[in-house]
Amino acid sequence: MTDAKTQIQETITANHVVLFMKGNKTMPQCGFSSRVAGVLNYMNVDYTDVNVLADEELRQGIKDFSDWPTIPQLYVKGEFVGGCDIITEMMLSGELDTLLEENGVGFDKEAADKIREANG
């Protein structure tokens, strides 16, 4: 498990925004991963996607690393943010915008507002 932990740490250190997910940003392999990737894609967030289905050690490793039992998992500037439900709530409340802004991560504010309008 050390190899997976090292790989995870290196990935979240080297990239501002990382989504550990089932599938990838252009072809998610589960509904929860699809929802989070869809939000990030629509908001034009530049993020790195990591397909946990490609490596069983990584799939279990990310759960152990974050002490969070589900996938997807979003990291911003090396910090674990949450899974699908948390990201959805943060998106709708505007907290995700604030988190991205505070960490210098670019995104399309108008797109974020459209998501909230459509779900309000």
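Residues numbered from 1 in each chain as written. Predicted model: local features only at pLDDT ≥ 70, side-chain atom pairs only at ≥ 80, totals over all residues. Heavy atoms only, no water.

Student: Could you clarify how one ought to interpret the packing of aromatic side chains in this entry?
Tutor: Remark: the centre distance and the inter-plane angle together describe each pair of aromatic rings, the angle taken between the planes. A complete count under the given rule lists four aromatic pairs for this structure. With centroids separated by 6.2 Å and ring planes inclined at 55°, the aromatic side chains of phenylalanine 65 and tyrosine 75 adopt a geometry described as tilted. Note that phenylalanine 65 is positioned in helix H3 (residues 56–66) and tyrosine 75 in strand E5 (residues 73–76), a separation of 10 residues in sequence. A network of ring pairs unites the aromatic residues Phe20, Phe65, Trp68, Tyr75 and Phe80 as a single cluster. The ring of tyrosine 47 is capped by lysine 25, whose NZ or CZ atom sits 4.2 Å from the centre of that ring. (Phe/Tyr/Trp six-rings, centres within 6.5 Å; stacked < 30°, edge-to-face > 60°. Helix = DSSP H or I, 4+ residues; strand = E, 2+ residues; numbered from the N terminus. Lys NZ or Arg CZ within 6 Å of the ring centre and 35° of its normal.)

Student: Help me out: how do you make sense of the side chain of serine 66 in this one?
Tutor: Among the structural elements, serine 66 can be located in helix H3. Here the side chain of serine 66 touches tryptophan 68 through a polar contact of 3.2 Å, landing on its backbone nitrogen. Those residues in contact with serine 66, other than ones at most four positions away along the chain, are Gln73, Tyr75 and Phe80. (Polar contact = N/O pair within 3.5 Å; in protein donor to acceptor, adjacent residues only side chain to side chain. Contact = heavy atoms within 4.5 Å.)

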